[in-house]
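If you want the building blocks of each chain, they are given just below.
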Amino acid sequence: MTEQPRRRILVVHGANLELLGKREPSVYGSVTLAEIRTAMESGAARREVDLEWFSSNHEGEIVDALGGALGKVDGVVINPGGYTHTSVAIRDALLALSVPVVEVHISNIHAREDFRRESLISDVVTGTISGLGAGGACYALDALVDLLEGASLPTIAPGGRESR
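Residues numbered from 1 in each chain as written. Predicted model: local features only at pLDDT ≥ 70, side-chain atom pairs only at ≥ 80, totals over all residues. Heavy atoms only, no water.

## Focus on the packing of helix 3 (residues 59-68) against helix 4 (residues 88-96)
Two packed helices can be described by the angle between their axes and the distance between those axes.
Okay, so step 1: Contact pair helix 3 / helix 4: the axes reach a minimum separation of 9 Å and the direction vectors enclose 0°. Comparing their axes, helix 4 and helix 3 come out roughly parallel. On helix 4, the residues that touch E59, I62, V63 and L66 of helix 3 are A89, I90, A93 and L94.
Okay, so step 2: Partitioning the contact of helix 3 with helix 4 into residue classes produces seven nonpolar, no polar and one charged. (Axes fitted to C-alpha atoms, helices over the stretch in contact; angles between N-to-C directions. Helix = DSSP H or I, 4+ residues; strand = E, 2+ residues; numbered from the N terminus. Parallel < 35°, antiparallel > 145°, perpendicular 65-115°, else oblique. Contact = heavy atoms within 4.5 Å. Nonpolar A, V, L, I, M, F, W, Y, C, P; charged D, E, K, R; others polar.)

See below:
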């Protein structure tokens, strides 16, 4: 019996995310990008998936990373940072992918300044997690792995109780 290869997920972090823990802690918290990576690696080990990491402040490099992932990864978790609101190029690169993509934001972009409320990628990704803090990246990873594994969504019974 041959063993199935582990799923590969590309994690992309965009502009200014290396400043997490220092930049606007009242908005983004005190957790660093390195701490997010450690937490996601722990989740990936638990879920038996491999993560590939890409982080850049440069839009074209993010586009290149997404294009380079074609046919090589099973899914993508992406926080484009400020490019969320401005980059048609990243949007087009995501459209080229034929794998599930989960967009993640530390802050609730819909409760922020008007210009931050629009995501140019939300309508082309599989799902979005926004406003749950640094842990949102781990939630995004779990959601993506669930999608890849074909996990069924919980059934919500009358009264709001969840059952599987």
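Let us keep going from here.
## Structural notes on the layout of surface pockets
Okay, so step 1: Looking at the largest pocket, its volume works out to about 200 Å³.
Okay, so step 2: Forming the boundary of the largest pocket are E3, Q4, P5, R6, R7, R47, E48, V49, D74 and E149.
Okay, so step 3: Here the residues of the lining of the largest pocket sort into two nonpolar, one polar and seven charged.
Okay, so step 4: As a volume, the second largest pocket reaches approximately 180 Å³.
Okay, so step 5: For the second largest pocket, the lining is made up of 15 residues, of which R23, Y28, G81, G82 and R116 are closest to its centre.
Okay, so step 6: Here the residues of the lining of the second largest pocket sort into five nonpolar, seven polar and three charged. (1 Å grid on protein atoms, 1.4 Å probe; cavity = no way out; pocket = protein on both sides within 12 Å on 5 of 7 lines; lining within 4 Å. Points joined across faces, edges and corners; volume = space filled by probe spheres on them.)

Function cannot be read off these values alone, since they describe shape.
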